[in-house]
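If you want the building blocks of each chain, they are given just below.
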Amino acid sequence: MIAPTLKGLAQSPVVRRGGQWWLVAGTGSILATDPTFTGELDRFAAAMAAADQTVADFRSQQTDPPTPHPGRQR
């Protein structure tokens, strides 16, 4: 069973589980230990999370009714 803390990264063969990055393939997984590589994964994950939040904010604004503008006629 997959642990609830398992989080994939943009449909890649990389997941973060228990605070560690793992490279995953059909034959198994291996812990990523290179600090430069895992640092880049951390930065990419943060950028993806920020982008996801921006999209969610944009979508919520799209569903809000338009704000009336006083003095404006159609």
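Up top is the structure.
About the criteria used
- Residues numbered from 1 in each chain as written.
- Predicted model: local features only at pLDDT ≥ 70, side-chain atom pairs only at ≥ 80, totals over all residues.
- Heavy atoms only, no water.
- Helix = DSSP H or I, 4+ residues; strand = E, 2+ residues; numbered from the N terminus.
- Buried < 20%, exposed > 50% of the residue type's maximum accessible area, 1.4 Å probe, protein only.
- Contact = heavy atoms within 4.5 Å.
- Areas by Shrake-Rupley, 256 points an atom, 1.4 Å probe, with all protein chains shown as cover.
- Core = buried A, V, L, I, M, F, W, Y, C linked by side-chain atoms within 4.5 Å.

(A) Representation of the overall build of the chain within the structure. Scanning the chain from N- to C-terminus turns up one helix and four strands. Its helices and strands taken in sequence order, the chain reads β-β-β-β-α from the N to the C terminus. Counting the 74 residues in the chain, one finds 12% classified as buried. For the chain, contacts bridging at least 24 residues in sequence account for 19% of all contacts bridging at least 6. Summed over its atoms, the accessible surface of the chain is roughly 6,300 Å², and 59% of this surface lies on carbon and sulfur atoms.

(B) Region of the structure containing the environment of L9. Along the polypeptide, L9 turns up in the loop between β1 (7-8) and β2 (14-17). Take L9: its relative accessible area is 6%, and that puts it in the buried class. With near-sequence residues (within four places) excluded, L9 lies in contact with V14, W21, L41, F44, A45 and M48.

(C) Spatial organisation of the nonpolar core. Within the largest apolar cluster, five residues are counted, these being L9, V14, W21, A32 and L41. Beyond its immediate stretch of four places on either side in the chain, A32 contacts W21, W22, F37 and T38.

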